[in-house]
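What follows is the residue order along each chain.
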Amino acid sequence: MASLTIRKLDDAVKTYLRLRSAKNHRSVEEEVRVILRELIEGREEPLTPFSAPPTPSATATPQRIGALPEASVTLIIGGGIAAYKSLDLIRRLKERRIEVRCVLTKAAQQFVTPLAVSALSHERVYTDLFDPQSEFDAGHIRLARECDLIVVAPATADLMAKMANGHADDLASAILLATNRKILLAPAMNPLMWNNAATRRNVTQLQRDGVVLIGPNSGEMAEAGEAGVGRMSEAIEIATAAERLLRPPMPKPLAGKRVLITAGPTHEPIDPVRYIANRSSGKQGFAIAAAAQAAGAEVILVSGPVDLGDPAGVTVKHVESARQMLEQVQAALPADIAIFAAAVADWRVANEGEQKLKKTAGSMPPLQLVENPDILATISRLADKRPPLVIGFAAETEHLIDNAKTKLARKGCDWIVANDVSPATGVMGGDRNTVHLISRKDGEIAVDSWPVMTKEQVAIELVAHIAKSATGKSLEPAS
Ligand SMILES: Cc1cc2nc3c(=O)[nH]c(=O)nc-3n(C[C@H](O)[C@H](O)[C@H](O)COP(=O)(O)O)c2cc1C
């Protein structure tokens, strides 16, 4: 099959793949494989076609996170005394939501039975290269490729020798030679076998070939009175190493950066029991706070009244009014990046009642409105403590882009995230958002329109842009 060059895909597809792979902790290449596999097996909803360049009405494919096992392993069990530990390893992998298909060498069957392995893995077990049942469609090639990782535990001296020399005379070695997946070996053998010059040469060769080893550990051997390096790593150590290869930790491009975010509405009191408010839910600002925290930033979130739990690892300052929000924002400075996603009320009541206003027949209370402080403009114009990157949000119901461009110039911020909040969009209080990132580029104003995304996706994408701009680093795990 011809290889796929991710670079050559159009921007909307790349954005979708980047978001989906980041969310699933996979490389983009791995994510493409998962999508294709799901499509072939009829498990995935059809992808919405993307147009290039993306238009505000383009729809991103809904994610199905958590619906399927997130990763799969082909586990090859070699013929060593430590094979019994592979039974525990199956359990440890499965509890991490890793699907396991097992292959037993002929020697391994002397130590554990295919029945026990099959009962634990809930899958058929493979033992024979020339099995007509699985080889009618080249089963060893499928076992080699239809997984995200191959784990060999225990990796015997014999199996490692075969691998290092490219042998393929049984099912296990044929799979190991035919695979294009990462391989994790958990060697287990007598210390003299491990230190033998031939094994040393084979280990060096395998490491040069890109094979990853875990262990062996040092300790007592099964053989009475023998000790040294050669004990297989514990099942939990192997499972952790496998998970690390399958789901590499997310990079932290914003480590060392302090990010200040505002979110939610403000409540402007009329009297002790009444207030002026707006329909902002705070979901977008909270999602940005969580994404920035996941990217390694120290995050201070100043939030108006919302029905959301505080994001983990984020310092949250709860406020009611615009003036309180400004106070907390100023107290949180200095910051490297400030994102003003809150829907701050433009006006407040000048003559706020000290007591509850009484309803008197035929007359209305004379409410006078005065302008609230403009938090975005105030911070954008600071002489000394202005954060190097200030981002505002523009919620508009008409002339979205034009109004946002004007706002960028008027407020003096660096970027504006513009979104259409007309009732028909369902953005206010909803889970999805369609945004346009408006920034200055080489003296010109650039507009980058993103497809419809969940607010979490918008947050991840915005944080990716911020990381690129502030640090030049990417949010994607290295593939
Ligand atoms: C009781 C017993 C225990 C063994 N334990 C190990 C071991 O821990 N590591 C190893 O490399 N070989 C061990 N061997 C030797 C392997 O079973 C032998 O090399 C076999 O050919 C390996 O086949 P395989 O690599 O296809 O699984 C042991 C043999 C016996 C009889």
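For clarity, every value in this text was computed on a predicted model and none was experimentally measured.

Parameters and conventions
- Residues numbered from 1 in each chain as written.
- Predicted model: local features only at pLDDT ≥ 70, side-chain atom pairs only at ≥ 80, totals over all residues.
- Helix = DSSP H or I, 4+ residues; strand = E, 2+ residues; numbered from the N terminus.
- Buried ≥ 20, exposed ≤ 12 C-beta atoms within 10 Å, placed from the backbone.
- Contact = placed C-beta atoms within 7 Å.
- Pairing = 2+ DSSP bridges.
- Axes fitted to C-alpha atoms, helices over the stretch in contact; angles between N-to-C directions.
- Near = placed C-beta within 6 Å.
- Nonpolar A, V, L, I, M, F, W, Y, C, P; charged D, E, K, R; others polar.
- Expected span 1.5 Å × (residues − 1).
- Core = buried A, V, L, I, M, F, W, Y, C linked by C-beta atoms within 7 Å.
- pLDDT = per-residue confidence, 0-100.
- Right-handed = clockwise from strand over helix to strand, strands pointing away.
- Parallel < 35°, antiparallel > 145°, perpendicular 65-115°, else oblique.
- Left-handed = near helix turned anticlockwise from the far one by under 90°.

Draft legend 1. The overall build of the protein, seen in detail. Tallying secondary structure elements over the protein gives 16 helices and 21 strands in all. The burial tally for the protein puts 40% of its 479 residues in the buried class.

Draft legend 2. Spatial organisation of the environment of Gln368. By the secondary structure assignment, Gln368 is in the loop between strand S14 (347–349) and strand S15 (369–371). On the basis of neighbour count, Gln368 is assigned to the exposed category, with 10 C-beta atoms found within 10 Å. For the pair formed by Gln368 and Glu352, sequence separation is 16 residues and the distance between their alpha carbons is 8.8 Å. Contacts of Gln368, omitting those with residues within four sequence positions, involve Val349, Ala350 and Asn351.

Draft legend 3. Region of interest: the sheet that holds strand S11 (residues 298–303). The eight strands are arranged S12-S11-S8-S13-S16-S17-S19-S20 in an open sheet whose pairing can be described as mixed. The outermost strands of the open sheet, each flanked by one partner alone, are strand S12 (315–318) and strand S20 (444–449). The sheet shows a mean angle of 15° between the axes of neighbouring strands, taken without regard to direction. In the packing of helix H13 (residues 322–332) onto the sheet, the strands contacted are strand S8 (258–263), S11 and S12, and the crossing angle to S11 comes to about 165°.

Draft legend 4. Local environment of the pairing of S11. Among the six residues in S11, five count as buried, and that is most of the element. Note that S8 and S11 share six bridges and pair parallel. Bridged to Ile261 within S11 is Leu301. As defined by bridge partners, S11 adjoins S12 across four bridges and the pair is classed as parallel. Bridging from a neighbouring strand, Val302 pairs with Lys317 of S12.

Draft legend 5. Here's a closer look at unusual backbone geometry. For the bond running from Gly215 to Pro216, omega is 0°, close enough to zero to count as cis. By the secondary structure assignment, Pro216 is in the loop between strand S5 (212–213) and strand S6 (217–220). Of note, the amide linkage connecting Leu333 to Pro334 takes the cis form, showing an omega dihedral of 5°. Positive phi, normally seen in glycine, also occurs at Arg97, with a value near 60°. Summarising the element assignment, Arg97 is placed in the loop between helix H3 (83–95) and strand S2 (98–104). A tally of 12 C-beta atoms within 10 Å means that Arg97 is categorised as exposed.

Draft legend 6. Looking closely at the site of the ligand. Taken together, 15 residues form the shell around the ligand, and within it Gly79, Gly80, Thr105, Ala107 and Thr156 come nearest. Counting residues per element, the shell around the ligand draws most heavily on helix H7 (residues 157–165), at three residues. Split by residue class, the shell around the ligand holds nine nonpolar, five polar and one charged.

Draft legend 7. Region of interest: the environment of Glu220. If you trace the backbone, Glu220 turns up in strand S6. Between the alpha carbons of Glu220 and Asn190 there is a distance of 9.8 Å; along the sequence they are 30 residues apart.

Draft legend 8. Layout of the sheet that holds strand S1 (residues 71–77). Across the sheet, which stays open at both edges, the five strands sit in the order S2-S1-S3-S4-S5 with parallel pairing between neighbours. Pairing within the sheet leaves two strands with one partner each, and these edge strands are S2 and S5.

Draft legend 9. Focus on helix H16 (residues 455–471). With 17 residues, H16 extends 23 Å from end C-alpha to end C-alpha; this agrees with the ideal 24 Å at 1.5 Å per step. Here H16 lies mainly inside the structure; 12 of its 17 residues are buried. Buried residues of H16: Lys455, Glu456, Gln457, Val458, Ala459, Ile460, Glu461, Leu462, Val463, Ala464, Ile466 and Ala467, and no others. After H16 finishes, the residue Gly472 shows a positive phi value of roughly 75°.

Draft legend 10. Representation of the nonpolar core in the model. In terms of nonpolar packing, the biggest core is built from 67 residues, with Val259, Ile261, Ile288, Ala291, Ala292 and Val463 touching the most fellow members. Residue contacts for Ile261: discarding those within four places in its chain leaves Gly285, Ile288, Ala289, Ala292, Val299, Leu301, Ile339 and Ala341. In terms of nonpolar packing, the next biggest core, distinct from the first, is built from 55 residues, Val103, Met160, Ala174 and Trp194 among them.

Draft legend 11. Inspection of the confidence of the model for the protein at higher detail. Averaged over all residues, the pLDDT of the protein is 86; the fraction at 70 or higher stands at 87%. The low-confidence segment residues 44–69, where pLDDT is below 50, has 46 contacts with residues more than four positions distant or belonging to other chains.

Draft legend 12. How the structure looks around the pairing of S2. Of all seven residues in S2, five are buried; the element is thus mostly enclosed. As defined by bridge partners, S1 adjoins S2 across seven bridges and the pair is classed as parallel. Residue pairing in the sheet places Ile77 in a bridge with Leu104 of S2. Viewed along the sheet, the connection from S1 through H3 into S2 turns out right-handed.

Draft legend 13. How the structure looks around the packing of H3 against helix H4 (residues 114–121). Direction vectors running N to C along H3 and H4 enclose 15°, while the axes themselves pass 9 Å from each other. The orientation of H3 relative to H4 falls into the category roughly parallel. Note on packing geometry: the crossing formed by H3 with H4 is right-handed. Seen from H3, the contacting residues are Leu87, Ile90 and Arg91; seen from H4, they are Ala116, Val117, Leu120 and Ser121.

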